[in-house]
Amino acid sequence: MRLAGLMPEPGSPLDRLATLVIANLAWTLLAMLVIPLPAATAGLFAVTVPLARGKDREFFATFFSTMRRLWLKATVLVLLDVVLGALVLVNLQALETIPLPEILLWFMRSLTLLIGLILLLANLYAWPLLVLFDLPLKRLVKVSLLLALAHPLQTLLTLVLGMTPLLLGLFVLPLWLMAVGIVSLSTLAIGWGSWRVIRKRASAEELEELDDPMRSL
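Residues numbered from 1 in each chain as written. Predicted model: local features only at pLDDT ≥ 70, side-chain atom pairs only at ≥ 80, totals over all residues. Heavy atoms only, no water.

A. Examining helix α1 (residues 13-31) more closely. Helix length check: α1 (19 residues) gives 27 Å between terminal C-alpha atoms against 27 Å at 1.5 Å per residue, within 8%. Those residues of α1 not exposed but buried are T19, L20, A23, N24, A26, W27, T28, L30 and A31. Here the buried face of α1 lies against α2 (37-52), α3 (59-95) and α7 (177-201). (Helix = DSSP H or I, 4+ residues; strand = E, 2+ residues; numbered from the N terminus. Expected span 1.5 Å × (residues − 1). Buried < 20%, exposed > 50% of the residue type's maximum accessible area, 1.4 Å probe, protein only. Contact = heavy atoms within 4.5 Å.)

Next comes the structure, spelled out in structure tokens:
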């Protein structure tokens, strides 16, 4: 039985589309278990970020090896997001109970929301950097924050690009598309936008290492 004609050509649009769908399905199944969600998110970015760079990666080797390699960093990153996000929400609620002049309350609310936005924008770099470079967690967070602050307009555009597929999936398109491809499209858009900033700041040696054929990414 000849099956070669049934398989998409490696690197073709159909092959890349199939990779996105399979990665999205794998992420959805693992996300339902909650505990492997951070590692699965790292695996999803490990598949989609190279595609955003015009590189092709074999799904199974990339996704699951990244989960195994980066599960601890990814889990700590998610826990850090949860803790900081909770602090932002608690601070907003606490402000409503403090008898302060309205102008001061407005300023403090705005400052708190700005901090929350910066944390969100930093994540647009943290996950791609996590799968692209072997950075210590502290440096990963620092570089992500600096990139978000140094390139606010490009980062906001990346946020819009990343949120668009998710919003379409939630409010316009059938919900089942979230499991099939919406999340991977979102991470692909984030990878595309963040890479255009990261490549400007990365050294020549770091960029050369990324294109090393012996490297997994």
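The structure having been displayed, the exposition proceeds.
B. Local environment of the environment of S65. The topology assignment puts S65 in helix α3. The sequence separation of S65 and A46 amounts to 19 residues, and the corresponding C-alpha distance is 9.5 Å. At 2.4 Å, the side chain of S65 and the backbone oxygen of A61 are in polar contact. (Polar contact = N/O pair within 3.5 Å; in protein donor to acceptor, adjacent residues only side chain to side chain.)

C. Geometry of the side chain of S186. Along the chain, S186 falls in helix α7. A relative accessible area of 5% places S186 in the buried class.

D. A nonpolar patch on the surface, seen in detail. Together, I103, L104, W106, F107, L111, L114, I115, L117, L120, L153 and L156 make up an exposed nonpolar region whose accessible area comes to about 1100 Å². For the nonpolar patch, the elements supplying multiple residues, two or more each, are α4 (102-132) and α6 (152-171). Here the element with the most residues in the nonpolar patch is α4; it accounts for 9 residues. (Patch = residues over 30% accessible without salt bridge, like charges linked within 9 Å, V, L, I, M, F, W, Y side chains within 5 Å. Areas by Shrake-Rupley, 256 points an atom, 1.4 Å probe, with all protein chains shown as cover. Salt bridge = Lys/Arg side-chain N within 4 Å of Asp/Glu carboxyl O.)

E. Inspection of the nonpolar core at higher detail. With 29 residues, the main nonpolar core has L129, L132, F133 and I198 as its most contacted residues. Where this core is concerned, the elements lending two or more residues are α2, α3, α4, α5 (137-150) and α7. Counting residues in hydrophobic clusters, the runner-up holds 13 residues, among them A26, L30, A40 and M67. (Core = buried A, V, L, I, M, F, W, Y, C linked by side-chain atoms within 4.5 Å.)

F. Expanded view of the packing of α6 against α7. In the contact formed by α6 and α7, the axes pass within 9 Å of each other and the chain directions differ by 175°. In this view, α6 runs roughly antiparallel relative to α7, as classed from their interaxial angle. In this structure, α6 contributes Q154, T158, L161, G162, P165, L166, G169 and L170 to the contact, and α7 contributes M178, I182, V183, L185, S186, A189, I190, W192, G193, S194, V197 and K200. Tallied by class, the residues present in the contact of α6 with α7 amount to 12 nonpolar, 7 polar and 1 charged. (Axes fitted to C-alpha atoms, helices over the stretch in contact; angles between N-to-C directions. Parallel < 35°, antiparallel > 145°, perpendicular 65-115°, else oblique. Nonpolar A, V, L, I, M, F, W, Y, C, P; charged D, E, K, R; others polar.)

G. Inspection of the pattern of salt bridges at higher detail. Going through the model one piece at a time under the given rule, you end up with 4 salt bridges. Here D56 makes a salt bridge to R16, at a shortest N to O gap of 2.8 Å. One end of the pair, D56, is in the loop between α2 and α3; the other, R16, is in helix α1, with 40 residues separating them in the sequence. With a closest N to O distance of 2.8 Å, R109 and E96 form a salt bridge. Placement of R109 in helix α4 and of E96 in the loop between α3 and α4 is noted, with a sequence separation of 13 residues between them. By sharing partners, the salt bridges in this structure join E96, E102 and R109 into a single network.

H. Spotlight on α6. End to end, α6 covers 27 Å across 20 residues, agreeing with the expected 28 Å (1.5 Å per residue, within 8%). Taking the largest bend as the criterion, α6 deviates by roughly 30°, centred on M163, and proline P165 comes between one and four positions later. Listed as buried for α6 are T155, T158, L159, G162, P165 and G169. Buried residues along α6 sit in contact with α4, α5 and α7. (Bend = angle between axes of the 7 residues up to and from the residue.)

I. Seen up close, the layout of surface pockets. Considering only enclosed or pocket space, the largest pocket measures out at about 750 Å³ in volume. Around the largest pocket, the lining is made up of 24 residues, and of these T41, F45, L120, N123 and W127 lie nearest the centre. Broken down by secondary-structure element, the contributors of at least two residues to the lining of the largest pocket are α2, α3, α4, α6 and α7. By residue number, the principal contributor to the lining of the largest pocket is α4, which donates 6 residues. When its residues are assigned to classes, the lining of the largest pocket shows 16 nonpolar, 7 polar and 1 charged. In this structure, the second largest pocket spans a volume of roughly 220 Å³. Considering the residues around the second largest pocket, the lining is formed by L129, F133, L135, R139, V143, L146, L147, I198, R201, A202 and E206. (1 Å grid on protein atoms, 1.4 Å probe; cavity = no way out; pocket = protein on both sides within 12 Å on 5 of 7 lines; lining within 4 Å. Points joined across faces, edges and corners; volume = space filled by probe spheres on them.)

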